[in-house]
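Spelled out, the chains give:
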Amino acid sequence: MRMPNKKKQPDFGKDGGGNERFVQFQYDDADQGEECDRTDTVVVRNRKADAVDQGYAWVICFAACFLYAATDGICFSMGLLFPVFMEKFGELAGFTSWISSVLLGSMMLSGPFVSYLVTQFGARPVCMLGAILAAAGTTASMMATGVWYLIGSLGFVTGFGFGCMMIPALVSVTVWFDKRRPLAVGIAICGAGTGMFLYSSIVRFLLEHYDFHGCFLILGAIVLHGCVFGLLLRPPPPRPTYNDTSSSANATKSDIEFETQSPQNKFDVAIFRNWKYDAFLLSCFLFSLGFFPVFMFVTSRALKELEWGEDEAAFLLTAISIANICGRLLCAISLGRSFINNIAALAFVMMLGGVTVALSMICNGYHTMMVFCAFYGLSGGTFNSKTG
């Protein structure tokens, strides 16, 4: 049986509430001498809650902001926990520092594998799995009997869980935003700086009132809330596209396609053949290798070498966090500006960060350390936003 011929002029309209746009196609079968009044309707949803760059897209941005706050906030609070680990287990600083090193390394190196999981199963289940693993590792750390225990629980388990939380959050923001993507990514990454500011005070409060064991128990409960925000990471709605780009009024049913924005794209390893991209990765690796470990030892240096009080030493992390937020906000505002060369800006930020770390050895007074914290946090926040 032959399919009836379609008329070339569809009927476009809206429902009573103005929330949906529908296209009706009339059919007739003149060859068979029969009339057919069958009408097919293709409904193109245009609800604000389901549209990119608006509505629910900002819920995704808010969820990603919390996930970044939880992961980076706890990771960069290791500077406050580092002296506690040394005192509790009686180990040297070099061996104790493996805890934070494995934590950050597991979180960053999990990127390719977590990206594969996101392409196979979606952002929501991967993020929820990561929140469960991170909460389990953090909670299990309350029963730590030594540094090796924390390397396994807090380093590998929690680190991998944090990686499963961060990458789906960033992927969800990029697919839910189009025109406002730079602004949305900047706002989401600002959650990391906010987490650094909040968790430095939270961890200090927990250590003072609930000791080492209660601190990790409560932190584990906070991380578990990532499951709630992971549930918000739903796939974006399909977008209608027309094969005939001349005029949507002349579109036919076969001309309408629905494009689903999702991270279901395979990773192309051919990008590594580009020497410019390889040089960029190498520069970011070397910068991260020498820049971020300094953050872990700022508090310990103030306590042990400079002989500061606990309040003054803890405020150094707060100062770095505030400067970090300013750097991320500055980057969020500048992203997408045509008059800004992002490569040159990133190179300047990396140079500023390197000079800041190199001059940190001569910062022995309170005022010079505050200047160091300001430039260190500003360059670190800008670098993370530019490369994130």
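Being a predicted model, the structure only gives us computed values, none of them experimental. Starting afresh in each chain, residues are numbered from 1 along the sequence in its written order. In view of the model being predicted, local features appear only for residues whose pLDDT reaches at least 70, and side-chain atom pairs are presented and counted only at 80 or more, with totals across whole chains, interfaces and linings using the full set of residues. Only hydrogens and water are set aside; all other atoms, that is, all heavy atoms of the structure, feed into the side-chain values.

## With respect to the nonpolar core
Cut-off, in case you're wondering: In these notes, a set of buried Ala, Val, Leu, Ile, Met, Phe, Trp, Tyr and Cys residues joined through side-chain atoms within 4.5 Å is what counts as a nonpolar core. For each residue, the accessible area found with a 1.4 Å probe, counting protein chains only, is set against the maximum for its type, and the residue is called buried under 20%, exposed over 50%, and partly exposed in between. Starting at the N terminus, helices and strands are each numbered in turn, a helix being any DSSP run of H or I of at least four residues and a strand any DSSP run of E of at least two.
Phe85 and Phe162 are the most contacted members of the largest nonpolar core, which totals 85 residues. Per element, the largest residue contribution to this core is 14 residues, and it comes from helix 8 (residues 181-224). One finds Leu117, Val118, Val126 and Cys164 within the second-largest nonpolar core, a separate group that totals six residues.

## Here's the deal with the packing of helix 2 (residues 78-89) against helix 8
Quick reminder of the rule: Interaxial angle, 0 to 180 degrees, is taken between N-to-C directions of lines fitted to C-alpha atoms, where a helix line uses only the stretch in contact. Note on terminology: angles under 35 degrees are roughly parallel, angles over 145 are roughly antiparallel, angles of 65 to 115 are roughly perpendicular, and the others are oblique. By definition, any crossing whose near helix is turned counterclockwise from its far helix by less than a right angle is left-handed, and any crossing with a clockwise turn is right-handed. Here a residue-residue contact requires only that any non-hydrogen atoms of the pair lie within 4.5 Å. Under the scheme applied here, ten amino acids are nonpolar (Ala, Val, Leu, Ile, Met, Phe, Trp, Tyr, Cys and Pro), four are charged (Asp, Glu, Lys and Arg), and all others, including Gly, are polar.
Relative orientation of the contacting elements helix 2 and helix 8 amounts to 25°, with a least axis distance of 10 Å. Accordingly, the angle class assigned to the pair helix 2 and helix 8 is roughly parallel. By crossing handedness, the relation of helix 2 to helix 8 is classed as right-handed. The residues of helix 8 that touch helix 2, namely those facing Leu80, Leu81, Val84, Phe85, Lys88 and Phe89, are Ser200, Val203, Arg204, Leu207, Phe212, His213 and Phe216. Its residues assigned to classes, the contact of helix 2 with helix 8 comprises nine nonpolar, two polar and two charged.

## Here we look at the packing of aromatic side chains
Any two aromatic rings considered together are summarised by their centre-to-centre distance and by the angle between their planes. Note the threshold: Centre distance within 6.5 Å is the pairing criterion for rings of Phe, Tyr and Trp, where only the six-membered ring of Trp is used; planes under 30 degrees apart are then read as stacked, over 60 as edge-to-face, and the remainder as tilted. Think of it as a cone above the ring: NZ of Lys or CZ of Arg counts as a charge over the ring if it is within 6 Å of the ring centre and within 35 degrees of the ring normal.
Applying the stated criterion across every chain yields a total of 16 aromatic pairs. Measuring from centroid to centroid gives 6.2 Å for Phe85 and Phe216, while their planes differ by 15°, and the two rings are stacked. One end of the pair, Phe85, is in helix 2; the other, Phe216, is in helix 8, and 131 residues separate them in sequence. A single burial state applies to Phe85 and to Phe216, both of which are buried. Taken together, a centroid distance of 5.0 Å and an interplanar angle of 65° make the contact between Phe212 and Phe216 edge-to-face. With Phe212 and Phe216 both in helix 8 and four residues apart, this pair spans about one turn of that helix. Of the two residues, Phe212 and Phe216, neither departs from the other in class, the shared state being buried. The rings of Phe287, Phe291, Phe372, Tyr376 and Phe383 are connected pair by pair, giving a single aromatic cluster. Taking NZ or CZ as reference, Arg234 lies 3.8 Å from the ring centre of Tyr56, over its face.

## Let's talk about the confidence of the model for the chain
Note the following rule: Scored between 0 and 100, pLDDT is the confidence that the predictor attaches to each residue.
Taken residue by residue, the chain gives an average pLDDT of 79. The fraction at 70 or more is 78%. At the level of individual helices and strands, the chain shows its lowest average pLDDT in strand 2 (residues 11-14), which scores 43, and its highest in helix 6 (residues 123-140), which scores 95.

## Remarks on a nonpolar patch on the surface
Here is the rule: Each patch is assembled from residues with relative accessible area greater than 30% and no salt bridge, linking like charges that lie within 9 Å and nonpolar side chains (Val, Leu, Ile, Met, Phe, Trp, Tyr) that lie within 5 Å. Values of accessible area rely on a 1.4 Å probe in the Shrake-Rupley scheme; residue burial ignores everything except the protein chains shown. Definition used for salt bridges: Asp or Glu carboxyl oxygen within 4 Å of a side-chain nitrogen of Lys or Arg.
A contiguous nonpolar surface patch, about 650 Å² in accessible area, is contributed by Phe348, Met351, Val355, Leu359, Met361 and Ile362. Mapped onto the secondary structure, Val355 falls in helix 13 (residues 342-358).

## Notes on the side chain of Ser172
Checked against the element boundaries, Ser172 lands in helix 7 (residues 147-176). Residues in contact with Ser172, not counting those within four places in the same chain, are Ile60, Ala123 and Leu233.

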